[in-house]
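Residue-level listing of the chains:
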Amino acid sequence: MSIMTLTLRTLSQRIVLLSLLTVTLAAAPVAVYAAEGEPVPAAESAQKLVEVLQSNAPAAEKAIVCKKLAIYGGKDAVGSLAALLSNAELASWARIALEAIPDPDADAVLRQALGKLQGRLLVGAINSIGVRRDPKAVDGLVAKLNDADTDVVSAAAAALGRIGGDASAKALTQALTKVPAGARSAVAEGALRCAELALAGGQSKEAIALYDAVRQAELPKHKVLEGVRGAILARQSAGLPLLLEQLKSADKAQFNMGLRVARELPGREVTEALSAEIKQVAADKQVWLFLALADRADAAVMPAILQAAKSGPVKLRVAAVTALDRLGSTPAIPVLLEAAADNDLELARAAKNALGRLPGKEVDADLLGRLVSSSGKMRQALVEVAGQRRIPGSLPVIVKCSEDADAGVRLAAYATMGGMGGESEIDSLVKLFVKNDARKERAAIEKSLLAICGRCGAAATPGLAPMLKSEDSALRILALHALSSVGGHPALEAVKSALVDKDSAVEDEAVRTLSTWPNNWPEDNAVAEPLLALAKDGKSTAHQVLAVRGYLEYVAGDKNLKNDDKVTKIKEFMPLIQRAEEKKLALVTLGNIPAAASLELLGSFTTETALSEDAWAATVNLLRKEVPGVSADLKVKTLQSAVASAKEETTRKNAEKALKAIK
Amino acid sequence: MKKFNLAKTEPARLAPQGKSNAIDRRQFLKAAAQATALIMAPQIVPSSVLGREGATPPSEKIILGAIGIGNRGTYDLTCFLHEPDLKFVAICDVKEGRRQAVKKMADNRYGNTDCAMYRDMRELLSREDIDAVLIATGPNWHATASILAANAGKDVYCEKPCTKNIAQSLALAETFRRTGRVFQAGTQRRSLPNFAFAIDLARRGKLGKLHTLHAHPGGLDTHMSGWLPAETEPPKEQVDWDLYLGPAAWRPFNAKLLDGFNFEKGGGLAGGGCLEWGSHCVDLCQLANDADGTAPIEYEPVGEELRARYANGVNLVMRNNGWAGLGSCPVKFEGETGWIETGDDGTFKVSSEDLLTGRKASIAGYPADFYVRDFLDCVKSRSQPRANAEAACYSHIACHAANIALYLGRKVKYDPIKNEFIGDEQANRMRSEALREPWRV
């Protein structure tokens, strides 16, 4: 158990561990709880806790007792806790309990402390009075506004703000102009809190007076602006002129507060006034105001935003379109579509995003209707948006668009078919592939086909197998790629059948496909057998190399293989590997298999000149992991050998690091 | 539009029982709905609109300071330093080694020696040229420092857990509302494609009517930090123990307590626990349930699980077991017609592959870049970031309330309008904890 952090899951654990805490911290445990089960009744428990406070127990123990009294303590604990308020070490612990105990006696002792304490301890007591919102303390706190200690003045002002009421309001208003500059921000904060309470209590006139006092006082600008915010909001729609004043200001902080309040002040008349204001403010501010209007989510702003989205500077159009993303509905569709077909890419992208997010089935219906009758760039945009929204019933129209005269529309249709299509679209895409010679179009069609096959899985295989019998080599290669996306046993068998083909390019592609077969192990581990065969008897070195790499990837990835079995397979496979490059790859693979057998096999290569450095690097990599069956002693000895024998500096350094970690 | 709602700021909700003034329920629900509407559809604002393309003139750059920068903070700061419209100027840390390390990083980045160092955050916050601060002190300071910063006129990006208890959660939301400052909690999974996609499915009804949300809090244990034997206190310039303790109750120096990541996490007797990961995964459940302005109303430890229930009937199950192995911080959303589970490896398990149709590539891990950018965009636009103070407030309240139920070992009922436990004095006393003098929130 960590000394610092105790884990307290169950009640019984908690009891034991709290006792342990006391033992650990103070070496003088006090039985506060019953040994098992529920805590003893609070009254009895609290009495024992109080006895600890009254005893000569160490401060550490009294501290934890204070925490418990915050939950279980009552009137009887107040006196003992009050006695700690002047104790620099325990005052903060005592206040934890005093702030929480509901009994009025807790208020009384904190009020009494006002006349006894000084400095930080006095500040603490005042803060606790503020938290408890004790109205009887107002006079005492008002007196503290004249204290020589700025921290005390600040605390008193904050507490008065929390308590509120006429007397607090009056004192804080006066203090705004009287207290030293160092305490004035705290007084302003108190006045703002006081105003909030007044407003919540229906005293808007009093609240406005407080806000106005703050915004007119000599304060840091951000405090003045907090007063401005409150003054606007408290006045409701009558605060509009003051809001517009902020938005017209050349001062950035004022304008920014205006933007904030523009989102908060309710009312249609406010929305309309802000909409009109967009035309009045400087061009560089219009964007920000647009965004603020969008956050109001008020339909009254639509005319202004629709107008801005239609024409004007592109930056503003983009902002307006972004706003429509939030506010728009069916009436926004024509404007957004126009923007989506615009030559400005960012504007078009923003409009398509907005169209993709507009809520409602009626939007789907509207867009589908337009898709049928559209053409050119507008149709391209509609195809993309239909795909983004996955509009029900749009797929047949999109398939038709894949034969559109406009290349942009066709490309958008291919992509959308890839996103939305299923098995029934495979045939359409294959036909399109055959029909189109252009490399760009074929690439787009293939991408869509692979996306569909990846989603459909085995269900796609029957549609792909006939392609392997096509006379067109390109189609047979496409089939191999698609089968690779599908994965699984039937697809694998189909790919294996292409290892013997009249076109060597297809054979090459079949080997390449097998060597990168989707490693959804163990479902796809049947690929091991053809890879092993190719590694032995592949038609060309290239085929053998690809097979070796694929086989090593299979061994590393198959989760059904135990680590020892992996090492055995690699050991058996090593003689088939011809080139040094793949042998090194095998060593790297071994270095990632945490098994004692890996270490042993790697060791056999450390003496082979051509592989020695790679064997050491893999060995060090292996020993940086936990390797079952390899003792710390063996680890150390092997790593020391690596430091002594490896020529590569990186390997030696890694070995030294590993040694250091072990030690 | 977010409704003007000063009434929500009234602090009476956390006064000792019997003193609270309930606010109008209709008003609250309306405000909560509007607050969540803002989050429902975060604007995707093109970079050119926000002036992020091309060179940003110095006068338009956001000036950033950082407070408490250790491992996680250094990662966050790196995300900030990559942003072209930002200038980092000052580091504050109570530990000299950290101050020096961050200064070196910043000075190397800018090719000068300008990064200022502070031990006391109040000095950094008093600088008028600083617009925003990154706070990654550790949970003991997060809320107090964020509130100090807001009161000093700074926008804040704060690591999680952001608060130590329910009172601090409410104070955080109230302060950022009052000051009009921008707050982003470091709960970046809201922006990550896989989590956002799962949330979108839940919110758009693609799973049918939602009934159960599952969160992996990474631990359902409650913790407290203790008082260890006194050791020789280092010089203030090296480690300022008083400032390190900050709002935590006093105890003597002990080097074992200098782990800011865990120190006083959650505070009280029932802190820590589900806060560390719950502030992520419970937060995601909150968003999936469109509940950013509220929290579950019941919490009960049942076996190895903590079961909670929202007012709309949706269940929230915090559990450590039975996950599909999709990496850390998984969540699962279940509706009447389907379910989806995702985690930090960026992949999904779904009831039907149809739910994933057209799904684009995911990002594994949990990078914060998107969140940092979202924050900086909101500093400019004054809009609300994805994990604004209101959203963070209630996500944290859900975790704190769960911890209280775990500590008490029984069911507790919570009223997210009055923000108090119903008829439960023990639980209510655990909503708040006094701060050490002179700190307050």
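Computed from a predicted structure; not experimentally measured. (Residues numbered from 1 in each chain as written. Chains lettered and ligands numbered in written order. Predicted model: local features only at pLDDT ≥ 70, side-chain atom pairs only at ≥ 80, totals over all residues. Heavy atoms only, no water.)

**Q** Looking at this structure, how should I read the environment of A77 of chain A?
**A** Residues and elements named next belong to chain A. Among the structural elements, A77 can be located in helix α4 (residues 75–82). Residues A77 and C66 lie eleven residues apart in sequence; the distance between their C-alpha atoms is 9.5 Å. Ignoring anything within four residues of it in the chain, the contact list for A77 reads V50, L69 and I101. (Helix = DSSP H or I, 4+ residues; strand = E, 2+ residues; numbered from the N terminus. Contact = heavy atoms within 4.5 Å.)

**Q** Looking at this model, I keep getting lost on the sheet that holds strand β13 (residues 348–350) of chain B. Mind explaining?
**A** Across a sheet, paired strands are connected by hydrogen bonds in the backbone, their directions being either parallel or antiparallel. All names here are of chain B. Strand order in the open sheet formed by nine strands is β13-β12-β11-β7-β10-β9-β8-β14-β15, and the pairing between neighbours is mixed. Strand pairing shows two members of the sheet lacking a second neighbour, β13 and β15 (420–421), which therefore form its edges. Two elements, strand β7 (residues 210–215) and strand β11 (residues 331–335), share five bridges in a ladder whose sense is antiparallel. Bridge pairing in β11 links H214 to K332. Running at roughly 165° to strand β12 (residues 339–342), helix α7 (residues 193–203) makes contact with β7, β11, β12 and β13 of the sheet. (Pairing = 2+ DSSP bridges. Axes fitted to C-alpha atoms, helices over the stretch in contact; angles between N-to-C directions.)

**Q** Help me understand the environment of D212 of chain A in this model?
**A** Residues and elements named next belong to chain A. If you trace the backbone, D212 turns up in helix α12 (residues 204–215). The buried category is assigned to D212, whose relative accessible area is 13%. In this structure the C-alpha to C-alpha distance between D212 and I232, which are 20 residues apart in sequence, comes to 9.6 Å. Side chain to side chain, D212 and R235 meet in a polar contact 2.6 Å long. (Buried < 20%, exposed > 50% of the residue type's maximum accessible area, 1.4 Å probe, protein only. Polar contact = N/O pair within 3.5 Å; in protein donor to acceptor, adjacent residues only side chain to side chain.)

**Q** What's the story with the nonpolar core in this structure? I'm lost.
**A** As a rule of thumb, nonpolar side chains are buried together in soluble globular proteins. All names here are of chain A. Core analysis: the largest hydrophobic core is formed by 231 residues, its most contacted members being L69, L81 and L141. Tallying contributions element by element places helix α11 (residues 181–200) first for this core, with nine residues. If you count residues domain by domain, this core takes at least three from each of domain 1 (267–353) and domain 2 (570–663). Once you skip the residues sitting within four places of it in the chain, L141 turns out to touch L114, I126, I129, A156, A159, L160 and I163. (Core = buried A, V, L, I, M, F, W, Y, C linked by side-chain atoms within 4.5 Å. Domains from an automatic or database assignment.)

**Q** I'm lost on helix α31 (residues 504–515) of chain A in this one. Help?
**A** Every α-helical turn comprises 3.6 residues, leaving residues that sit three or four positions apart pointing alike. All names here are of chain A. Across its twelve residues, α31 extends 16 Å between first and last C-alpha, which sits within 8% of the 16 Å expected from 1.5 Å per residue. Considered for burial, the residues of α31 that qualify are V506, E507, E509, A510, V511, T513, L514 and S515. Residues of α31 that are buried make contact with α29 (473–486), α30 (489–497), α32 (528–537) and α33 (541–557). Near the N-terminus of α31, the side chain that reaches the backbone nitrogen of A505, with its oxygen 2.8 Å away, is that of D503. (Expected span 1.5 Å × (residues − 1).)

Just geometry here; none of it tells us what the structure is for.
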